[in-house]
Amino acid sequence: MRTSPEARVAEVADGAFAYVQPHGGWCVNNAGILVGRTGTVLIDTVATRPRASRLAEQVQRLSGGPVQTIVNTHHHGDHTFGNCVFGPSVTVVAHELAIAEILDAGLGLTQLWPEVEWGEIRLVPPSVTFPDRMTLHVDERSVELLHVGPAHTTNDIVAWLPAERVLYAGDVVMSGCAPFVLMGSISGSLSALRRLRELNPVTVVSGHGPVSGPEVIDATERYLRQILRIADAGISAGMTPLEAARTADLGDLAGLRDSERIVGNLHRAYAERRGDPPGSPLDVLTAFHEMVDYNNGVLPECLA
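As a convention, each chain's residues are numbered from 1 in the sequence order in which they are written. The model is predicted, so local features are restricted to residues of pLDDT at least 70 and side-chain atom pairs to those at 80 or more, both for listing and for counting; the totals for chains, interfaces and linings are taken over all residues. Only hydrogens and water are set aside when side-chain values are computed; all heavy atoms of the structure are taken into account.

A. Structural detail: the packing of helix H8 (residues 261–273) against helix H9 (residues 284–294). To define axes, lines are fitted to C-alpha atoms, for helices over the stretch in contact only, and angles between the resulting N-to-C directions are given on a 0 to 180 degree scale. Helix numbering and strand numbering both begin at the N terminus, where a helix is a DSSP run of H or I of at least 4 residues and a strand a DSSP run of E of at least 2. Closest axis-to-axis distance for the H8/H9 pair is 8 Å, and the angle between their directions is 140 degrees. The angle between H8 and H9 places the two elements in the oblique class. Crossing of H8 against H9: the hand is right-handed. Residues Arg261, Ile262, Val263, Gly264 and His267 of H8 touch H9, and the partners they reach there are Ala287, Glu290, Met291 and Tyr294. These descriptions rest on fixed angle ranges, namely under 35 degrees for roughly parallel, over 145 for roughly antiparallel, 65 to 115 for roughly perpendicular, and the rest for oblique. The handedness criterion is simple: a crossing whose near helix is rotated anticlockwise from the far helix by less than a right angle is left-handed, and one whose near helix is rotated clockwise is right-handed. Whether two residues are in contact is decided by their heavy atoms: any pair within 4.5 Å suffices.

B. Examining the pattern of salt bridges more closely. We define a salt bridge as a contact between a side-chain nitrogen of Lys or Arg and a carboxyl oxygen of Asp or Glu at a distance within 4 Å. Using the criterion set out here, one finds 12 salt bridges in the structure. In this structure, Arg37 and Glu140 form a salt bridge, with 2.9 Å as the shortest nitrogen-oxygen distance. Placement of the pair is Arg37 in the loop between strand E3 (31–36) and strand E4 (39–43) and Glu140 in the loop between strand E8 (133–138) and strand E9 (141–147), with a sequence separation of 103 residues. The exposure classification of Arg37 matches that of Glu140, with both residues exposed. For each residue, the accessible area found with a 1.4 Å probe, counting protein chains only, is set against the maximum for its type, and the residue is called buried under 20%, exposed over 50%, and partly exposed in between.

C. Expanded view of the sheet that holds strand E12 (residues 203–206). The pairing criterion is simple: DSSP has to find at least two bridges between the two strands. If you walk across this open sheet you meet the 5 strands as E8-E9-E10-E11-E12, and the pairing is mixed. Single-partner strands in this sheet number two, and they are E8 and E12. Across the sheet, the axes of successive neighbouring strands diverge by a mean angle of 20 degrees, strand direction being ignored. Pairing analysis gives 4 bridges linking strand E11 (residues 166–170) to E12, with the strands arranged parallel. Bridge pairing in E12 places Val166 opposite Thr203. Against the sheet, helix H5 (residues 186–199) makes contact with E9, strand E10 (157–161) and E11, and its axis sits at roughly 160 degrees relative to E9, the strand it touches most.

D. View of the side chain of Thr110. Topologically, Thr110 is positioned in helix H4 (residues 108–112). A polar contact of 2.6 Å, which involves the side chain of Thr110, links it to the backbone oxygen of Leu107. If sequence neighbours within four positions are ignored, Thr110 has contacts with Phe81 and Trp118. Polar contact is the term for a pair of N or O atoms within 3.5 Å; when the atoms are in protein, one must be able to donate a hydrogen and the other to accept it, and sequence-neighboring residues count only if both atoms are side-chain atoms.

E. Quick look at H8. Expected span, for any helix, means 1.5 Å times one less than how many residues it has. Compared with the 18 Å implied by 1.5 Å per residue over 13 residues, the 18 Å span of H8 between its first and last C-alpha is a close match. Within H8, 12 of the 13 residues are buried, which leaves it mostly tucked inside the rest of the structure. Buried residues of H8: Arg261, Ile262, Val263, Gly264, Asn265, Leu266, His267, Arg268, Ala269, Tyr270, Ala271 and Glu272, and no others. Residues of H8 that are buried in the fold lie against H5, helix H6 (215–236), helix H7 (241–247) and H9. Where H8 ends, the next residue or the one after it, Gly275, has phi of about 100 degrees, a positive value.

F. Looking closely at unusual backbone geometry. Of the consecutive residues Pro22 and His23, the connecting peptide bond is found in the cis state with omega at 0 degrees. By the element assignment, His23 lies in the loop between strand E2 (16–20) and E3. The backbone of Asp139 shows a phi angle near 55 degrees, a positive value even though the residue is not glycine. With respect to the helices, strands and loops of the structure, Asp139 is situated in the loop between E8 and E9.

G. Representation of the environment of Val9. Within the fold, Val9 resides in strand E1 (residues 8–13). Judged by its relative accessible area of 34%, Val9 falls in the partly exposed class. In this structure the C-alpha to C-alpha distance between Val9 and Gln21, which are 12 residues apart in sequence, comes to 8.8 Å.

H. Region of the structure containing the state of the cysteines. Two cysteine sulfurs form a disulfide in these notes if their separation is within 2.5 Å. All told, the structure shown has 0 disulfides when counted by the stated rule. Here Cys84 stays free of any disulfide, with the sulfur of Cys27 as its closest cysteine sulfur at 15 Å. We classify Cys84 as buried; its relative accessible area is 10%. The thiol sulfur of Cys177 is not disulfide-bonded, and the nearest other cysteine sulfur, from Cys27, lies at 12 Å. A relative accessible area of 2% places Cys177 in the buried class.

Structural data, given as structure tokens:
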């Protein structure tokens, strides 16, 4: 089985790091590490037990001490499954909607790619939640947690370092990867992107893919607006989301990793065009099977 390369660590500000897992596709996400004299904050964990163990080793090398707080930017397993590796004394922080979403999803992600070496995973939901915003302090550094969902999911939060203008964006933006809003909202994502742009970040650590500048926000918006145009054309022609995806021309955006996500994104676009509320539940498994159909019957590649 193919595996992705080892993670890279980039210092994006003094004592603030991006833990970047190439190549950034399905379930191969990024994390953030904020090192302080009195403790370390980890922004997201990872999908599998072996990967979480490697993340823990890297945190130990950088900080010399244990993680005190984990921030989960949303409920998906590739950002939360690794919580269990960091011990029972760690405080897990997330949006108030994340608890129910984590418990409802369970370990279902592991069933989509049974060949992955997931390891022994135990769900660790957040113990501290908030509705809109919350501020953490790592020594003198302020870390602003902002709820910007529904976007990628209903419960997306970002971690913003205002003094350093560093944004840990979770999966609201993905660098070099196709956005994915099946469980969130296109209209909500566009609103979230406006909020992120107004922060005026210099450095953006996306949930997947390389560290970038604010241009990743513009690229994400361009993709989502193209999805809306494809949806409108497909609805007018009486096409299903899968049919619309097969006939769509994404231009240079077609080169984004995990391009089959267009099908799931069109399901969300169709739902919003018919008046469904942002973030309302859709049939995720049906949409995923259609993504496999779009991908010539081949399961999307997961190198977790």
